[in-house]
Amino acid sequence: MSVKSFLPVWVVVLFWVTMISPVLAQDLLKMENLKNVKVEQLGDADILRLIQQLEAASMSVAQAEQMAAAKGMSPDEIEKLRVRIQALQKKGATSTTVSAGKEVAASQYTSAPKAASQNLVFGAQLFNSTSLSFEPNLRIATPGDYQIGPDDELQLNLFGVQEANFRLPVAAEGMISIPNVGMVLVAGLTIDEAQRVIRQKLIQTVYRSLANGATAMTLTLGKIRSIRITILGATKPGNYTVSSLTTLFNALYICGGPGDIGSYREIELVRNNKTFLKVDLYDFLVKGDAQKNVLLKEGDVINIPVYKTRVLAQGEIKRPGIYEMREGEVMDDLIKYAGGFSEKAYRASVKISRLTDKERVIIDLSKDAFKAHALLPGDSIHVEPILNRYANSVFITGAVFRPGTYEFQSNMTITQLIQKADGLKEDVYTGRVLLSRERNDLSKEMVSIPLAQILKGEVADVILQKNDSIRIASIYDLKDQATITVQGEVRKPLSVAYKANYSLKDLIFEAGGFTSAAMPYRIEISRRVTVSATTEPSLTDKTAEIITLQSELDLASTSKNFLLQPYDVVTVRRNPGYVEQQEVQITGEVVFPGMYTLENKQENIYDIFKRVGGLTPKGDPNAVTLIRKEPGPKTQRRNKEKVLINENIDSSLVEMNMMDVMDSTVRIAIDLEEITKNPNSANNMILRPGDIIEVGAKETLVKISGEVYFPTKVTHVSGANIRYYLSRAGGLTEQAHRKHLYVVYPNGSVAKSHSYFFGLIRTYPNITTGADIVIPPKTVKKKPSTVEIISLSGILVSLSGMAIALINSLK
């Protein structure tokens, strides 16, 4: 095939591929036969256009599926169409919302934004919530009372001795045509009635075996027709095309339910111009009664009239909101609709705010009148909570086993309350009990009770009153909690509560034992000195008693070698001969870089370089730098951390002193050649732990930076002066401060220029390999601004005036 003959074929193919999808999408609702429609041929734009058409026609996705099935679309293609619509809805391509796997078009089912008061109307959530759906179920068995009409399709199956399968569309005249049998009128009949008529007709003709049971038959709906209904007074009133399986509740959900002023209690179903049924949605909302959820028929009208009486219920009820009341209903009915009182409701009476012709009035409605008091339009009912207090309570705290609130009983005594609290603890202090009592004016008074004498029967028991609060103290509430402390060379320095017979071994064991640096035979105990109040002041200079133990402490022994007293402070001294390894670090161009341990406190740079194996061929002895951390200003901060040690009811406090030290790092230039030649030189510094020695590589270039026209690096020329290097960088700029020129050498040392004979002679530092010539900028003096000049002039004028006035006063 030639190119010229091949090209028209592809043009035709492309034309059909690009044109068939829009045609299918645009005509899908109007096409009579969808048997050959393939969903994969539809693009996303086509699906969006289809969804928009469904919204414009007030049809749900389920209704569209039903219509597609009725027009011959296969179940597989219907499932593909549903998946495509769901995918676009999840992307937010349309106003469709998806909830719990059910697709509900927002423009179809969700009403327009309503006022806040409309959202409070009882029953409105049934129609506003996307999680609910009242779509008709198209997959249920055909209802026996379903009334057949034109455009329905019946499916007749015969099996047994005689077998046959017929799909029988109902013509506009209400007739079906059965092959070899003839015409049968079925319009207006229910499925059950039609089955009897068709059975009789079949027996009279060619299917006589139905009479003796040799052949059986079933009659079901193959395709369901659509009907048109009208809805008035709804959120979205209008004419709707729905499935013939649609019920009254289905239709109400489709139209968004009653409008802002629509009634939920007086909905009318008008059929053949007569009121066929009146529906009270509260029967369904409150009782779940769906008896009046009848199937709709062609031409039905759902009329939602304007409500007559609405009231607001709020406060302590289970379902606050706006409720519609019918004539004759009373407060008791409203409470029933609202789900009853909440647990905290004050049930003796409610408050009603009522509108009169001129103003509002308040009505206190007692519980006895709930069954007789009728509510009026605009009433606002408020249920208040009960008082936040106890009518019969007493309270006990402190040294009892079960502190808390208890029931107050007439003539109840303090000992009876203690018995209810399971008695007194062993550490109770009975010398005095405090009772807080409420007076008639709600003020408080404190009553002191001698509990010890009451328990002994020496004084009469105290009669309690309602709302009394009793506090029984522990003996430990009345004295300080003594502690003992261990510090120094122990593994866990701590402070614990003092206990009787607490020995030094016990304390050291609880602190985790000694550290490696400890001297177990050098322990110091400092003990408080208690001085009598009658002692002479001159004798009170002693602040503590110091006890030193110089024998080694054996923790394995169980003997109590030394008993501690309250507030003792134990210090374990450090062994002066214990020294941990101290290291320095050598990095850079040495043969063996790494960490080196100092052999003694006097080890210096010369000694350490004898151990590193010398410099590498790249190493530069003029590029050696010592980096050392110098302690800066010390700022002490005491950070007290409380560590609770669980020992039944005892606890201890560990107080740890934290010191923040601001360290600064300094770089020290090292003249390694001088140190190598003369180890006794002052440059041969003694090393400190943590020092870092860096050995740089040889550098053949010289760097010129700062106020030159072209900062750069140039090759070092032996014997060349400073002017040579500045010229290689383009010379100095106008801002250059030549007198302050300085040179930074590879080891970090700095040299600057010097002048002699009043600046007539100037010398510059020698330039070595790796040096950095830095030319700083001139300091620009800031000229006073106009505002500053004016301000200064004003000050001078003021001072002049003051001086003249002073001179005149002296004359």
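Residues numbered from 1 in each chain as written. Predicted model: local features only at pLDDT ≥ 70, side-chain atom pairs only at ≥ 80, totals over all residues. Heavy atoms only, no water.

**Concerning the sheet that holds strand β17 (residues 380-383)**
Convention followed: Here the rule is simple: two strands pair whenever DSSP picks up at least two bridges between them. The helix and strand labels rest on DSSP assignments: H or I over at least four residues marks a helix, E over at least two residues marks a strand, and numbering proceeds from the N terminus. Orientation is described by axes fitted as lines to C-alpha atoms, over the contacting stretch for helices, and by angles from 0 to 180 degrees between their N-to-C directions.
The strand order across the open sheet formed by 5 strands is β14-β13-β17-β15-β16, and the pairing between neighbours is mixed. The outermost strands of the open sheet, each flanked by one partner alone, are β14 (321-324) and β16 (360-366). When the angles between neighbouring strand axes are averaged without regard to direction, this sheet yields 25 degrees. Both strand β13 (residues 310-315) and β17 contribute to a ladder of 4 bridges, which runs parallel. Its bridge partner being in β17, Q314 is matched across the sheet by H382.

**Some remarks on the pairing of strand β28 (residues 583-588)**
Sheet topology places β28 next to strand β29 (residues 594-597); 4 bridges connect them, and they run antiparallel. The partner of V584 across the bridge, within β29, is Y596. What sits between β28 and β29 in their antiparallel hairpin is a turn of 5 residues. Where β28 meets strand β32 (residues 692-697), 4 bridges bridge the pair, whose relative direction is parallel. Paired with I586 across the strands is I693, a residue of β32.

**Thoughts on the pattern of salt bridges**
The criterion, for reference: Think of a salt bridge as a Lys or Arg side-chain nitrogen and an Asp or Glu carboxyl oxygen that are within 4 Å of each other. Residue burial is assigned from relative accessible area. The probe radius is 1.4 Å, only protein chains are included, and a residue is buried under 20% of its type maximum, exposed over 50%, and partly exposed in between.
All told, the structure shown has 20 salt bridges when counted by the stated rule. Salt-bridge contacts for D280 lead to R265; the nearest nitrogen and oxygen are separated by 2.6 Å. Here R265 lies in the loop between α9 (248-254) and β10 (267-271) and D280 lies in the loop between β11 (274-279) and α10 (281-287), a separation of 15 residues in the sequence. Owing to a relative accessible area of 8%, D280 belongs among the buried residues under this scheme. The network of salt bridges with shared partners includes R265, E266, D280, R326 and E329.

**Digging into the sheet that holds strand β33 (residues 701-706)**
With respect to topology, 5 strands assemble into an open sheet ordered β34-β33-β39-β35-β36, the strand pairing being mixed. Unpaired on one side and paired on the other, β34 (712-715) and β36 (750-752) mark the two borders of the sheet. Going from strand to strand, the sheet's axes swing by 25 degrees on average, the running direction of each strand aside. Across 3 bridges, the pairing between strand β35 (residues 742-744) and β36 is antiparallel. Directly across from V743, in β36, lies its bridge partner A751.

**Describing the nonpolar core**
Rules: The definition of a nonpolar core used throughout is a set of buried Ala, Val, Leu, Ile, Met, Phe, Trp, Tyr and Cys residues joined through side-chain atoms within 4.5 Å. Should any heavy atoms of two residues lie within 4.5 Å, those residues are counted as being in contact.
By size, the foremost hydrophobic cluster in this structure holds 48 residues, and its most contacted members are L252, I302, Y323, M331 and L334. No other element matches the 6 residues that α9 contributes to this core. In this view, L334 contacts V311, A313, Y323, M325, L375 and I381; residues no more than four positions away in its chain are not counted. Core analysis: the next-biggest nonpolar cluster, separate from the first, contains 25 residues, L158, I178, M217 and I224 among them.

**Re unusual backbone geometry**
Outside of glycine, negative phi angles account for most residues, and trans bonds account for most peptide bonds. Not every positive phi belongs to a glycine, and N411 is a case in point at roughly 60 degrees. Of note, N411 is situated in the loop between β19 (404-407) and α12 (414-420). Residue classification places N411 among the exposed residues on the basis of a relative accessible area of 58%. With phi around 70 degrees, N467 is a residue other than glycine that occupies positive phi space. With respect to the element layout, N467 can be found in the loop between α13 (451-456) and β22 (469-474).

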